[in-house]
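# Understanding the architecture of this molecule
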Amino acid sequence: MQKVLILGANGGIARVAIDLFLRQTDAQLTLYLRNARRLKHLESDRVKVMEGNVLNLDELKEAMTQQDVVYANLAGPLKQMAETIVDAMHATGLRRLIFISSMGIYGEVPGEEYRSILDPYRDAAAVIEASDLDYTILRPAWFTNADEVDFETTTKGEPFKGSIVSRKSVADLVVKLALDPHLKVRQSVGMNKPE
Ligand SMILES: NC(=O)c1ccc[n+]([C@@H]2O[C@H](COP(=O)([O-])OP(=O)(O)OC[C@H]3O[C@@H](n4cnc5c(N)ncnc54)[C@H](OP(=O)(O)O)[C@@H]3O)[C@@H](O)[C@H]2O)c1
């Protein structure tokens, strides 16, 4: 039974993933977010809710105690967040990290120029890739709310395919990654709905 720490647990993808974890797995979840009240109703024998800021190393280290997997679903100063997460994982001996980034961080989208709005995503990925962690970085296309799991993946170095992907598809892959310590380890994975 995996113990999964979800950082930014009130985020859009995280909330879909929490639902899948609870319905499809027996994973134990720790939901880490800035205002814990918002998810208190989910607390159960399988779900712990913790208030904390990802930029606070001490709070993060406390949250990481006794976990198997860290799933980061964040927005904002992502480079600093990635640095703090990597430091906290080193301090607590955790190795498995799933980190949601975005398509376009390597200028890999055919016909699109790299945009500086992606700098935090690109820089966070660089921090994680330079670490010795068992990471999987996800680079999803534009999210849709379609009630479907329908995606294909591309690897780093390949041109990105497609332009959209459902939130449910991203959550589905997050759950599979959290359950399988060997799946797409040390990879940066593009995700899109096949066209
Ligand atoms: N929209 C798209 O089509 C698209 C496509 C590809 C990738 N992405 C990216 O994929 C990522 C995940 O998407 P999403 O929709 O799930 O994101 P989201 O709903 O914006 O959630 C991000 C979460 O990060 C949390 N957060 C921010 N700063 C924090 C801090 N210092 N400590 C703790 N938590 C913090 C926020 O918490 P609060 O609730 O407390 O603010 C929020 O719940 C985002 O970075 C998004 O930009 C988006």
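So, how was this worked out
Residues numbered from 1 in each chain as written. Predicted model: local features only at pLDDT ≥ 70, side-chain atom pairs only at ≥ 80, totals over all residues. Heavy atoms only, no water. Salt bridge = Lys/Arg side-chain N within 4 Å of Asp/Glu carboxyl O. Helix = DSSP H or I, 4+ residues; strand = E, 2+ residues; numbered from the N terminus. Buried < 20%, exposed > 50% of the residue type's maximum accessible area, 1.4 Å probe, protein only. UniProt positions renumbered as here; feature names shortened; annotations may be inferred.

### Here we look at the pattern of salt bridges
Under the defined criterion, the tally for this structure stands at 14 salt bridges. For Arg-95, the salt bridge identified is with Asp-134, shortest N-O distance 3.5 Å. Pair noted here: Arg-95 is in the loop between helix 3 (78-92) and strand 5 (96-100) and Asp-134 is in strand 6 (residues 134-140), with a separation of 39 residues, a long-range link. Residue Asp-134 is classed as partly exposed on the basis of its relative accessible area, which comes to 22%. The residue Lys-168 makes a salt bridge to Asp-147 at a minimum N-O spacing of 2.6 Å. Here Lys-168, found in helix 5 (residues 167-179), pairs with Asp-147, found in the loop between strand 7 (142-144) and strand 8 (152-155); they are 21 residues apart in sequence, far enough to count as distant. When its relative accessible area of 24% is taken as the criterion, Lys-168 is described as partly exposed. Exposure remark for Asp-147: the relative accessible area of 64% places this residue in the exposed category. Via salt bridges that share partners, Asp-119, Arg-122 and Asp-123 belong to a single interconnected network.

### Some points on the UniProt feature "domain: NAD(P)-binding" (unreviewed entry) in the protein chain
Taken from the UniProt record, the annotation "domain: NAD(P)-binding" (unreviewed entry) applies to residues 8-181. The annotated region residues 8-181 carries 34% helix and 21% strand content, and the separation between its end C-alpha atoms amounts to 21 Å.

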